[in-house]
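Here's the letter readout for the chains.
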Amino acid sequence: QVQLVESGGGLVQPGGSLILSCTASGFTFSSYAMSWYRQAPGKERESVAGITKTGGVTNYADSVKGRFTISRDNGKNTVYLQMNSLKPEDTAVYYCYAPRFFSWGQGTQVTVSS
C-alpha cells in the first residue's frame with residue numbers, strides 16, 4: 001500500500017532554515033506528481049508546493065514563494081521541501097501528499113519561534 005513518511009521538522013528561530021523529507025513506498029514514485037501541504041492550529045490544511053513527476057515544473061503558494069523550494073530525487077523515492085527565511089506564521093504541521101492516490105503522510109511539526 002502507499003506509504004509516505006516525513007521527517008526533518010523541528011523548532012527553528014525566525015529567519016532560520018529547515019529541510020523536510022518525505023520518503024514514499026508502495027507505488028512507482030517517479031511516475032507521479034507530489035505535493036506538500038501544511039495545517040496551522042485552528043486553520044484549514046493548505047497547499048504549500050507541488051512538483052511534477054520529473055521535477056521539471058513546480059508551483060508554490062504565494063505565502064512561500066521565494067523562500068521555499070520543492071525538489072525530488074526519484075532514485076531515492078523522496079521529495080524535499082527546503083524552507084528558508086522562516087517566519088512564525090510558517091508554524092504548522094507539514095504533510096506530504098500523493099495526489100494520484102489521495103494519500104497523506106503522518107505529518108511533521110515545524111515551529112518557528114524565538
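Residues numbered from 1 in each chain as written. Predicted model: local features only at pLDDT ≥ 70, side-chain atom pairs only at ≥ 80, totals over all residues. Heavy atoms only, no water.

**Quick look at the side chain of T78**
Here is step 1: Its place among the elements puts T78 in strand β8 (residues 78–83).
Here is step 2: Looking at T78, its side chain comes within polar contact range of the main-chain oxygen of K76, at 2.8 Å.
Here is step 3: Setting aside its immediate chain neighbours within four residues, T78 contacts S21, C22, T23, F29, S71, R72 and D73. (Helix = DSSP H or I, 4+ residues; strand = E, 2+ residues; numbered from the N terminus. Polar contact = N/O pair within 3.5 Å; in protein donor to acceptor, adjacent residues only side chain to side chain. Contact = heavy atoms within 4.5 Å.)

**Focus on the packing of aromatic side chains**
Here is step 1: Summed over all chains, the structure comprises eight aromatic pairs.
Here is step 2: Ring centres 5.5 Å apart and planes at 80° place the aromatic pair Y37 and Y97 in the edge-to-face group. Residue Y37 is found in strand β4 (residues 34–39), and its partner Y97 is found in strand β9 (residues 92–98); the two are separated by 60 residues along the sequence.
Here is step 3: Judged by centre distance (5.0 Å) and plane angle (75°), the ring pair of Y37 and W104 falls under edge-to-face. A residue pair is termed long-range when its members are at least 10 positions apart, and Y37 in strand β4 and W104 in strand β10 (residues 103–104) qualify at 67 residues.
Here is step 4: Connected via pairs of aromatic rings, a cluster forms that spans F27, F29, Y32 and F101.
Here is step 5: Across the ring face of Y95, the terminal group of R45 is positioned such that the distance to the ring centre comes to 3.7 Å.
Here is step 6: When the ring centre of W104 is taken as reference, the NZ or CZ atom of R45 above it lies at 4.4 Å. (Phe/Tyr/Trp six-rings, centres within 6.5 Å; stacked < 30°, edge-to-face > 60°. Lys NZ or Arg CZ within 6 Å of the ring centre and 35° of its normal.)

**Considerations on the nonpolar core**
Here is step 1: Counting residues in each nonpolar core, the largest one holds 27 residues, and the members touching the most others are M34, W36, V79, L81, M83 and Y94.
Here is step 2: Elements supplying a minimum of two residues to this core: β3 (18–25), β4, β5 (46–51), β7 (68–73), β8, β9 and β11 (108–112). (Core = buried A, V, L, I, M, F, W, Y, C linked by side-chain atoms within 4.5 Å. Buried < 20%, exposed > 50% of the residue type's maximum accessible area, 1.4 Å probe, protein only.)

**A few points about the pattern of salt bridges**
Here is step 1: Inspection of the entire model under this criterion finds four salt bridges.
Here is step 2: The partner of D90 in a salt bridge is R38, with the nearest N and O atoms 2.9 Å apart. One end of the pair, D90, is in the loop between β8 and β9; the other, R38, is in strand β4, and 52 residues separate them in sequence. The same class applies to D90 and to R38, which are both buried.
Here is step 3: Between D62 and K65 there is a salt bridge, and its shortest N-O distance comes to 3.2 Å.
Here is step 4: Each member of the salt-bridge network shares a partner with another, and the members are R38, E46, R67 and D90. (Salt bridge = Lys/Arg side-chain N within 4 Å of Asp/Glu carboxyl O.)

**Section: the pairing of β8**
Here is step 1: Bridge analysis of β3 against β8 gives six bridges, and the strand direction is antiparallel. The residue bridging T23 from the neighbouring strand is T78, located in β8.
Here is step 2: Looking at chain direction, β7 and β8 are connected through six bridges and run antiparallel. From the neighbouring strand, D73 faces β8, where its bridge partner is T78.
Here is step 3: Counted between consecutive antiparallel strands, the loop separating β7 from β8 contains four residues, among which N77 sits at a positive phi close to 55°. (Pairing = 2+ DSSP bridges.)

Just geometry here; none of it tells us what the structure is for.
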